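Given next are the chains, with one letter for each unit.
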Amino acid sequence: MELPSACSHPGWAVLALVLGLLLWARRRQGWDPRKCPTDLTGKTVIVTGANSGIGKCVALELARRNARTILACRSRERGQAAVEEIRAATGNPAVLLRLLDTSSLASVRAFAQAVLREETRLDVLVNNAGLTGLPLSITAEGLEQTFTTNYLGPFLLTNLLLDLLKASAPARIVNVSSFRHAVGTADVRYLTGQAQPGGYDPIYNSTKLMNVLFTAELAQRLQGTGVTTNSVNPGVVSTGIMRRFSWPLRTLFFLIRPFIKSAEQGAVSTLYCAISEEVSGITGKYFDSDCRLVLPSAATRDAGLARKLWEESERLTGLPAGPQH
């Protein structure tokens, strides 16, 4: 989760304290995973970006519930360390590492091919991997790196795994977004760097808006298949996502850390959408960090914008055009 760049103001230390107190006052937990009886024996789940932070906490909880848990990580070393930690904590030997870099469409295709070759079912897909704090950067595939990592790579991955998810229905897809989506914009030219929304904050915010638009359009296209999809806001969470920012921003984040959610607490809204009985059958919705179903921004409810983003994403990823709804 990215913090606003306004914190570079000279009074940012005082602002940090005030912000921290407000966040602490608002921090509450609506749903307790410890009270959820869901058992995932015989189920297979994939969590992207699972070597640290929210992703690792989500994977840990799913493994604890006996799921065959695939950690989709970019780093072999950090991913394997997370696998071993989760196996030791849960006693579940069916925790596996598969390499995936969502900034590379080639990596996404290779990962999906391996899953389709090796797995007989897929019950839950959690698109959690994401980053922020990078300058505009075009990949070897001609795509903007942050937009590909946070949105276009997960778009392709989800579509490549849809047939397996449908064959395993009822199945769920969870897309991790952010409350920052509300100030994002969704210009398809951002995906190739032909236009850019601004600095780090606008880029991140726009990728999170695209996550919610993708979820809404995907839900329409999955009607009647038994596969549901929802997007979530984890809240302001203490993770390593700020590591690429300047030292003033990182210092601010450090100062408010005692007042914000831990990674374990930040994982709760994702887990709620992935396993709770309350969300069964619900699709195309947006849940806040307290696991409440809320309306996302007006832009996310623009069906024409969602369809345009989908069609351009199909073109850029080389997917065949799907049926209209």
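Residues numbered from 1 in each chain as written. Predicted model: local features only at pLDDT ≥ 70, side-chain atom pairs only at ≥ 80, totals over all residues. Heavy atoms only, no water.

Enquirer: Before we go on, may I ask you to explain the packing of aromatic side chains in this structure?
Expert: Following the criterion strictly, the structure yields eight aromatic pairs and no others. Measuring from ring centre to ring centre gives 5.3 Å for W31 and Y272, while their planes differ by 65 degrees; the resulting arrangement is edge-to-face. Of this pair, W31 sits in the loop between α1 (12-26) and β1 (44-48) while Y272 sits in helix α10 (residues 268-275), and the two are 241 residues apart along the sequence. W31 gets classed as buried once you look at its relative accessible area, which sits at 8%. Given a relative accessible area of 10%, Y272 falls into the buried group. (Phe/Tyr/Trp six-rings, centres within 6.5 Å; stacked < 30°, edge-to-face > 60°. Helix = DSSP H or I, 4+ residues; strand = E, 2+ residues; numbered from the N terminus. Buried < 20%, exposed > 50% of the residue type's maximum accessible area, 1.4 Å probe, protein only.)

Enquirer: Would you mind going over the pairing of strand β4 (residues 124-127) with me for this structure?
Expert: The side chains of a regular strand alternate, first on one face of the sheet and then on the other. Going residue by residue along β4, you find V124 and V126 tucked away on one face and L125 and N127 tucked away on the opposite face as well. Bridge analysis of β1 against β4 gives three bridges, and the strand direction is parallel. Within β4, the position partnered with V47 by the bridge is V126. In terms of strand pairing, β4 meets strand β5 (residues 171-176) through four bridges, oriented parallel. Directly across from V124, in β5, lies its bridge partner R172. (Pairing = 2+ DSSP bridges.)

Enquirer: Where do I start with the packing of helix α2 (residues 53-64) against α10 in this structure?
Expert: Packed helices, taken two at a time, are described by their axes: the angle between them and the distance between them. One way to put it is that α2 packs onto α10 with a least axis distance of 9 Å and a crossing angle of 40 degrees. By the angle between their directions, the pair α2 and α10 is classed as oblique. Pair α2 / α10 crosses with right-handed handedness. Across the interface between the two elements, I54, V58, E61 and L62 from α2 touch T270, L271 and I275 from α10. (Axes fitted to C-alpha atoms, helices over the stretch in contact; angles between N-to-C directions. Parallel < 35°, antiparallel > 145°, perpendicular 65-115°, else oblique. Left-handed = near helix turned anticlockwise from the far one by under 90°. Contact = heavy atoms within 4.5 Å.)

Enquirer: Got a minute to help me understand the pattern of salt bridges in this structure?
Expert: Counting across every chain of the model gives 14 salt bridges. Of the charged contacts in the structure, one is a salt bridge between R117 and E118, with a shortest N-O distance of 3.8 Å. The exposure class of E118 is partly exposed, given its relative accessible area of 39%. If you follow the salt bridges from partner to partner, you end up with K43, R121 and D123 in one network. (Salt bridge = Lys/Arg side-chain N within 4 Å of Asp/Glu carboxyl O.)

Enquirer: Help me out: how do you make sense of the nonpolar core in this one?
Expert: Grouped burial of nonpolar side chains is what soluble globular proteins tend to show. Core analysis: the largest hydrophobic core is formed by 43 residues, its most contacted members being I46, L161 and L165. At the level of elements, β2 (68-73), α4 (105-118), α5 (145-160), α6 (162-167), β5, α7 (200-221) and α11 (303-317) are the ones that each hand at least two residues to this core. Setting aside residues no more than four positions away along its own chain, L161 makes contact with I46, A112, V115, L116, L122 and L125. Grouped together as the second largest cluster of nonpolar side chains are 34 residues, C36, V126, C273 and F287 included. (Core = buried A, V, L, I, M, F, W, Y, C linked by side-chain atoms within 4.5 Å.)

Enquirer: Even after reading the chapter, I still don't get the environment of A195, so can you show me in this structure?
Expert: Position of A195 among the secondary structure elements: in the loop between β5 and α7. Among all residues touching A195, those that are not within four sequence positions of it are D187, R189 and Y190.

Enquirer: What is the right way to read the environment of L157 from this model?
Expert: Along the chain, the position of L157 falls in helix α5. Residue class for L157 comes out buried when judged on its relative accessible area of 0%. In sequence terms L157 and L105 are 52 residues apart; their C-alpha atoms lie 8.6 Å from each other. Other than its neighbours up to four places away in sequence, L157 contacts T48, L100, V108, F111, A112, L125 and N127.

Enquirer: Would you take a moment to explain the sheet that holds β5 for this structure?
Expert: Sheet strands pair by backbone hydrogen bonding; their relative direction is either parallel or antiparallel. Strand order across the open sheet formed by eight strands is β3-β2-β1-β4-β5-β6-β7-β8, with mixed pairing between neighbours. The sheet is open, and its two edges are formed by β3 (95-99) and β8 (293-294), each paired on a single side. When β1 meets β2, the two strands line up parallel, connected through five bridges. Paired with I46 across the two strands is I70, which belongs to β2. Relative to the sheet, helix α3 (residues 76-90) contacts β2 and β3, its axis offset from that of β3 by approximately 170 degrees.

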